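Secondary and tertiary structure notes
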Amino acid sequence: GKTTEAIALAQNLAGLGKKVLLIEGDIRRRTFSQYFDTQPKGGVIAALSGETPIHEVVFHDERLGADVLMGEKSRVNAADLFSSEKFREFMAKAREVYDFVIIDTPPVLVVPDARVIGQHVDAIIFAVAWDKTQRGQVSAALREFDAVNLRITGLVLSQIDPKGMRRYGYGGKYGAYASYGQGYYEA
C-alpha cells in the first residue's frame with residue numbers, strides 16, 4: 001500500500017496545481033516499473049552521482065500529472081546513499097523546483113532507509129495495512145522513528161476490506177453509524 005499511497009498523493013497534489021516530484025526511494029525492491037511505462041536510462045543513483053543531469057532521468061507522467069524519478073540498482077548501500085551530502089544537496093535543489101517532493105521508501109522495520117530519508121523531509125506519512133500489520137509491528141516501527149527523533153505527521157490505514165469490517169461491527173451502508181441520524185430527520 002505504500003507505493004499506491006505515494007502515487008495517489010502525488011496525483012492529488014498535482015491535481016491541485018502543485019508541481020510534484022515522486023521519487024522511488026526503495027532502490028532494493030523497485031516497483032515503479034509496474035506503474036509507469038517510461039523507463040529512462042538512469043534514475044536516482046545517476047541523478048545523485050552527477051553523472052547524468054537530473055532533467056535526463058526525471059520524466060513527466062501525464063496520467064499522474066507529476067514528475068517521476070525512478071530507482072535503479074546500485075552496489076552502494078542505500079542507507080549510505082540517502083545519508084550522503086549529495087542526497088542533502090539533491091533535496092535542497094528539488095525543493096527549489098517543486099512544491100512537493102514525495103519519496104516512497106522501503107518498510108520501516110526491514111531496512112533503515114525510511115529513517116535515514118526521514119532526516120531530509122518535512123513530513124512523514126506512515127502507512128499501515130489494515131488487518132495485516134500486527135500491533136507490535138506498528139509499535140516497533142513507531143519506536144524506530146522515535147529513536148532518531150522523527151515524528152509521524154500522518155497515518156494512512158490502507159487495504160481496508162469492507163467485508164472484513166463487518167466482523168468488527170462496521171457493516172452496512174454507513175457502518176456502525178447507520179442508525180445514528182435516525183430520528184433527527186424523520187417528520
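Residues numbered from 1 in each chain as written. Predicted model: local features only at pLDDT ≥ 70, side-chain atom pairs only at ≥ 80, totals over all residues. Heavy atoms only, no water.

When its secondary structure is counted, the protein chain shows eight helices and six strands. Reading the helices (α) and strands (β) of the protein chain from amino to carboxyl end gives α-β-α-α-β-β-α-α-β-α-β-α-β-α. The buried share among the 187 residues of the protein chain stands at 39%. Considering only residue pairs separated by 6 or more positions, the protein chain has 73% of its internal contacts joining residues 24 or more positions apart. Summing over all exposed atoms, the protein chain offers an accessible surface of approximately 11,800 Å²; the carbon and sulfur share of this is 50%. (Helix = DSSP H or I, 4+ residues; strand = E, 2+ residues; numbered from the N terminus. Buried < 20%, exposed > 50% of the residue type's maximum accessible area, 1.4 Å probe, protein only. Contact = heavy atoms within 4.5 Å. Areas by Shrake-Rupley, 256 points an atom, 1.4 Å probe, with all protein chains shown as cover.)

Right, let's get into the pairing of strand S6 (residues 154-158). Sheet analysis places strand S5 (residues 125-129) next to S6, joined by five bridges and oriented parallel. Across the sheet, the residue bridging to Ala 129 is Ser 158, located in S6. (Pairing = 2+ DSSP bridges.)

The next point concerns the packing of aromatic side chains. The description of an aromatic ring pair rests on the distance of the ring centres and on the angle between the ring planes. Scanning the entire structure with this criterion turns up five aromatic pairs. Taken together, a centroid distance of 6.2 Å and an interplanar angle of 90 degrees make the contact between Phe 126 and Phe 145 edge-to-face. Note that Phe 126 is positioned in strand S5 and Phe 145 in helix H7 (residues 135-147), a separation of 19 residues in sequence. With respect to burial, Phe 126 and Phe 145 carry one shared label: buried. Ring-pair connections join several aromatic residues into one group, and the members of that group are Phe 32, Phe 36 and Phe 59. Here the guanidinium or amino end of Lys 19 rests over the ring plane of Tyr 98, the centre of that ring lying 5.4 Å away. (Phe/Tyr/Trp six-rings, centres within 6.5 Å; stacked < 30°, edge-to-face > 60°. Lys NZ or Arg CZ within 6 Å of the ring centre and 35° of its normal.)

Moving on: the pairing of strand S2 (residues 58-61). Relative to strand S3 (residues 66-69), S2 runs antiparallel, the two sharing four bridges. Opposite Asp 61, over in S3, you have Ala 66 as the bridge partner. Where S2 folds back onto S3 in an antiparallel hairpin, the turn is made up of four residues, including Gly 65, whose phi is positive at roughly 80 degrees.

For the structure on display, the rule yields seven salt bridges. A salt bridge links Glu 85 to Arg 88, with the nearest nitrogen and oxygen atoms 3.7 Å apart. With Glu 85 and Arg 88 both in helix H5 (residues 85-97) and three residues apart, the pair spans about one turn of that helix. Judged by its relative accessible area of 44%, Arg 88 is partly exposed. The residue Glu 144 makes a salt bridge to Arg 115 at a minimum N-O spacing of 3.4 Å. On the criterion of sequence distance, the pair formed by Glu 144 in helix H7 and Arg 115 in helix H6 (residues 113-118) is long-range, its members being 29 residues apart. Relative accessible area serves as the criterion here: at 15%, Arg 115 is assigned to the buried category. (Salt bridge = Lys/Arg side-chain N within 4 Å of Asp/Glu carboxyl O.)

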